[in-house]
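# Observations on the three-dimensional arrangement
These are the residues of each chain, in order.
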Amino acid sequence: MITDVGTGPRVLLRRLREVMAENIQPQARLDRIVRLVAANMVAEVCSIYLRRGDTVLELCATEGLNPESVHQTTLQVGEGLVGVVAESLEPLKLSDARSHPKFAYRPETGEDPYNSFLGVPMLRNAQLLGVLVVQNQTRRHYTDEEVEALQTIAVVLAEMVVSGALVDPEDFSGGSDLLQRSWRLEGVGIAEGIAMGHVVLHEPRVEVVHAIAEDTSAEQERLTNSIAELRRWIDTTLARPDLSTTGEHRDVLEAYRMFAHDRGWIRRIREAIDTGLTAEAAVHRVQDETRTQMTKQSDPFWRERLHDLDDLSNRLLRHLAGKTTSAASEDLPKDAIICARAMGPAELLDYDQKALRGLVLEEGSATSHVAIVARALDIPLIGRVAGLLDRVESHHAIILDGLSGEVYIRPQSDVIDAYAEKVRFRARRQAQYARLRDKPAVTKDGVEISLNINSGLLVDLPHLAQSGAAGIGLFRTELQFMVSSTFPRLRMQMDLYSKVLDEADGRPVVFRTLDLGSDKVLPYFTHDREENPAMGWRAIRIALDRPALLRYQIRALLGAAEGRELRMMFPMISEVSEFVSARRLVDRELERRRKLGLKAPADIKVGTMLEVPALAWQLDALCQHVDFISVGSNDLLQFLYASDRGHPRLSDRYDTLSAAVMSVLKTVLETCNRHDVPVSLCGEMAGRPLDAMALIGLGFRTISMPPTSVGPVKMMIRSLNAAALQEYLKSVDGQTQGSLRAGFEEFAKKHGVSV
Ligand code: PEP
Ligand code: MG
């Protein structure tokens, strides 16, 4: 019999700690605990019900009820008063329990004489582990302090359950647990590819190791300091120049700021510490309450805000634990799949690329800057995956399908087998492409095609060698600006360009000057909101209005290319005069170098993108000024068809192989050939084997594409007879409407072209 029970939760927690330290069997420990709690709470009954499997609550220990019923009596979630607590995940206190409509009588327990009931859920990470109950014979009105005290004990018991100190956690942590079951979630595929690997939480969770405080005032002080740090972190992040003045990320931080100053939230944590918990356990306890509310909230706005508060609680926990850096600085599994709510481009670059296999975000869109980096790294990225972070746990298995946007968490063996087969298939294809790497891109009848890659960041330069491409046909210089948190200075631009030229090692590189605007926005560059940003103040239009920007870039390019060949082109030229003005800036910068006695590039070629339809009707004049032309088919088609290139409902509406597009491209080619001006094409269509075949049929001999497309396109080229294709095209020359796709497919099939 226990005599020195003392009163109050803190005394009880001290006793619990002693029980934890005793060398006794788990069941004996459970029995000791219920006796202690009953005595401390001055209750005749204290029982612990633990969740077994999906929905069953099993009586695992009791003081006061019939001991024979332990491990015999079970209730379903939702059944009886214990089931109500389990279902609502909230405390339930009743002075006349038997009049409650859900009261369920279990004769074997002998609970008849007990009128009052207080039950609280035992939660961990918002998951139900069990229910802790006290009962009294008298019609007792349990005070709020008593409810609070029992909740604190439930927090400690939950930790004990998970640690295995009370029961075997395998048996008693519930089958439908968000963090245990297999899940298939759907999001939006942003970067293609399949990845099988293990979860890395970008912002690691802090597990509560010690729930019972040694010194409550020291815990209060730790909380005070961590909240101060948390507020400072929010203020500095909000003040960062790379955080756009509006937008989702800022809204979230503003919400963080609001909560970090919320007296109610902090008071609740402080009260939980006062009951004897450590600061971490107290934050967890309040966080569990928030999560319970979150699951019940139907208004999306409030659900989002509760989500923000949940995030902020995690952040506070990391401050308490002194772990404020992301997982990038930790040891990664060799097949890391990073899971996060949102992420900036630079944060993704912090990860060790050798271990990085994929990225999943609860937010994120195709145009987000982290998407650009993911594509450059050639890893799949899935965004907009609701409920991701509630279901993933570090080191658990996960599969991403970047094409379908599916995420499988703790996948079942059939899913693993199916994806393993897909991965093997892709690996076989990759091996086939790799074998072609050093083979020339020549058709069966000897027509040589120059295959180049599109690139824009240092991280994708290795693709040049890996793909065996002839060079870089489009280097999107704006990407460096987009992934950077401040304006890249002249030196940084020059560094990047010279590294690109070093890596290219004599192979041609076409640098495109800044193509800003439209979806390419720089957080640190103020830009008015536009009705039609794709047709707005963008690219060369900005550059000519703010010539200093372009001159700096040209200066960096000239500096980087000292003594080597420099090829550069301008985006979105709509009028010949725009090209002439831009080119004049190049001449002025060259003159400046000459005056300063600086070395010039060995050769300079200045060209233009052809992306605006109007320019196609000025080609004769344009060809007098340019050294080369590169057709930007992404934008050219968008403007030809007046069809937003990023609009999901329009993506299949107009065909890249339509008679209209073929006819425009043919005219461009013929005119350029007549003027002896080299012409190439660098839009996405160049990377699709059938489209690339059509381009070769029209007469293109230089094309540029995403690095992963080089293999498939080269395979197509090596199986193609270009003369036969040209013959075929003559036969459909009269077709001036509709699509030529079906005909091209037929041709490929008939002639065994690999498309
Ligand atoms: C294009 O428009 O085809 C192109 C290659 O440029 P971007 O995709 O960068 O607009
Ligand atoms: Mg473009």
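Residues numbered from 1 in each chain as written. Chains lettered and ligands numbered in written order. Predicted model: local features only at pLDDT ≥ 70, side-chain atom pairs only at ≥ 80, totals over all residues. Heavy atoms only, no water.

### Observations concerning the site of ligand 1
- The local shell around ligand 1 holds 14 residues, among which R476, R512, G632, N634 and R645 are the closest.
- One of the side-chain N or O atoms of E611 is found 2.9 Å from an oxygen atom in ligand 1.
- A distance of 3.4 Å separates an oxygen atom of ligand 1 from a polar backbone atom of G632.
- Starting from 290 Å² of accessible surface for ligand 1 in isolation, the protein chains cover 99%.
- When residues of the shell around ligand 1 are traced back to their parent elements, those giving at least two are strand 16 (471-476) and helix 22 (633-640).
- By residue class, the composition of the shell around ligand 1 is three nonpolar, four polar and seven charged.
- Both domains that meet at the shell around ligand 1, namely domain 4 (436-462 + 629-676 + 678-755) and domain 5 (470-611), each give it at least three residues. (Near = heavy atom within 4 Å. Polar contact = N/O pair within 3.5 Å; in protein donor to acceptor, adjacent residues only side chain to side chain. Areas by Shrake-Rupley, 256 points an atom, 1.4 Å probe, with all protein chains shown as cover. Helix = DSSP H or I, 4+ residues; strand = E, 2+ residues; numbered from the N terminus. Nonpolar A, V, L, I, M, F, W, Y, C, P; charged D, E, K, R; others polar. Domains from an automatic or database assignment.)

### Overview of the coordination of the magnesium ion (ligand 2)
- Donor atoms from the polypeptide that coordinate the magnesium ion (ligand 2) comprise E611 (OE) and D635 (OD), at 2.0 Å from the metal. Remark: D635 occurs in helix 22 and E611 occurs in the loop between strand 19 (603-610) and helix 20 (613-616); sequence separation between them is 24 residues.
- The exposure class assigned to E611 is buried, which follows from its relative accessible area of 2%.
- For D635, a relative accessible area of 3% corresponds to the buried category. (Donors = N, O, S within 2.8 Å, 3.2 Å for Na, K, Ca; no water. Buried < 20%, exposed > 50% of the residue type's maximum accessible area, 1.4 Å probe, protein only.)

### Here we look at the domain arrangement of the protein
- Each assigned domain of the protein is listed with its residue range as follows: domain 1 (8-178), domain 2 (182-204 + 327-426), domain 3 (216-321), domain 4 (436-462 + 629-676 + 678-755) and domain 5 (470-611).
- Here domain 1 and domain 3 have C-alpha centroids that lie 29 Å from each other.
- Both sides of the domain 1 and domain 3 interface together cover about 1,200 Å² of buried area, and 52% of this is carbon and sulfur.
- On the domain 1 side of the interface with domain 3, the three residues burying the most area are R10, E148 and V155, jointly 35% of the side's total.
- Summed over the shared surface of domain 1 and domain 3, the number is one salt bridge.
- With its nearest N and O atoms 3.3 Å apart, the salt bridge here joins E148 to R285.
- Taken together, the connections running from domain 1 to domain 3 amount to five residue pairs in polar contact (both at pLDDT 80 or more). (Buried area = accessible area lost by both parts, 1.4 Å probe. Salt bridge = Lys/Arg side-chain N within 4 Å of Asp/Glu carboxyl O.)

### A word on the nonpolar core
- Within the largest apolar cluster, 123 residues are counted, with the highest numbers of intra-cluster contacts made by L665, I703 and F744.
- By size, the runner-up hydrophobic cluster in this structure holds 68 residues, among which are L30, V147, Y256 and A260. (Core = buried A, V, L, I, M, F, W, Y, C linked by side-chain atoms within 4.5 Å.)

### Side note on the sheet that holds strand 9 (residues 194-201)
- With mixed pairing, eight strands are arranged side by side in an open sheet as 7-14-13-9-10-11-12-8. Each having just a single partner strand, strand 7 (183-186) and strand 8 (188-191) make up the two edges of the open sheet. The sheet shows a mean angle of 30 degrees between the axes of neighbouring strands, direction not considered.
- Pairing of strand 8 with strand 12 (residues 381-383), which is carried by three bridges, proceeds in the antiparallel orientation. Bridge pairing in strand 12 links A191 to L381.
- On the sheet, helix 11 (residues 369-377) packs against strand 8, strand 11 (356-361) and strand 12 and is oriented at approximately 60 degrees with respect to strand 8.
- Sheet strands touched by helix 13 (residues 413-436): strand 9, strand 13 (397-401) and strand 14 (406-409). Its angle to strand 9, the strand with the most contacts, is close to 120 degrees. (Pairing = 2+ DSSP bridges. Axes fitted to C-alpha atoms, helices over the stretch in contact; angles between N-to-C directions. Contact = heavy atoms within 4.5 Å.)

### Here we look at the packing of aromatic side chains
- Applying the stated criterion across every chain yields a total of nine aromatic pairs.
- Relative to Y419, the ring of Y408 has its centre 5.5 Å away and its plane inclined at 55 degrees; by these criteria the two rings are tilted. Highlighted residues: Y408 in strand 14 and Y419 in helix 13, separated in sequence by 11 residues.
- The buried category is assigned to Y408, whose relative accessible area is 12%.
- What makes Y419 buried here is its relative accessible area of 5%.
- Between the aromatic rings of Y728 and F747, the centroid separation amounts to 5.5 Å while the plane-to-plane angle is 35 degrees, which identifies the pairing as tilted. Residue Y728 is located in helix 26 (residues 722-731), and its partner F747 is located in helix 27 (residues 741-750); the two are separated by 19 residues in the primary sequence.
- Looking at F747, the relative accessible area reads 5%, which means it is buried.
- Ring pairs connect the aromatic residues F475, Y497 and F511, which therefore count as one cluster. (Phe/Tyr/Trp six-rings, centres within 6.5 Å; stacked < 30°, edge-to-face > 60°.)

### Overview of the packing of helix 24 (residues 689-698) against helix 26
- For the pair helix 24 and helix 26, interaxial distance at closest approach is 9 Å and the crossing angle is 80 degrees. Between helix 24 and helix 26, the angle falls in the class roughly perpendicular. Residues M693, I696, G697 and L698 of helix 24 lie in contact with helix 26, whose contacting residues are L725, Q726 and L729. (Parallel < 35°, antiparallel > 145°, perpendicular 65-115°, else oblique.)

### A few points about the side chain of N454
- Within the element layout of this structure, N454 appears in strand 15 (residues 450-455).
- The class for N454 is buried, based on a relative accessible area of 6%.

### Topic: the sheet that holds strand 2 (residues 56-63)
- Pairing is antiparallel in the open sheet, where six strands are placed in the order 3-2-1-6-5-4. Each edge of the sheet is formed by a strand with only one pairing partner; in this case those strands are strand 3 (74-76) and strand 4 (92-94). The mean inter-strand angle of the sheet, taken between neighbouring strand axes irrespective of direction, is 25 degrees.
- Pairing of strand 4 with strand 5 (residues 116-124), which is carried by three bridges, proceeds in the antiparallel orientation. Within strand 5, the position partnered with L92 by the bridge is G119.
- Against the sheet, helix 3 (residues 80-88) contacts strand 1 (45-52), strand 2, strand 3, strand 4, strand 5 and strand 6 (127-136), and its axis sits at roughly 35 degrees relative to strand 5.

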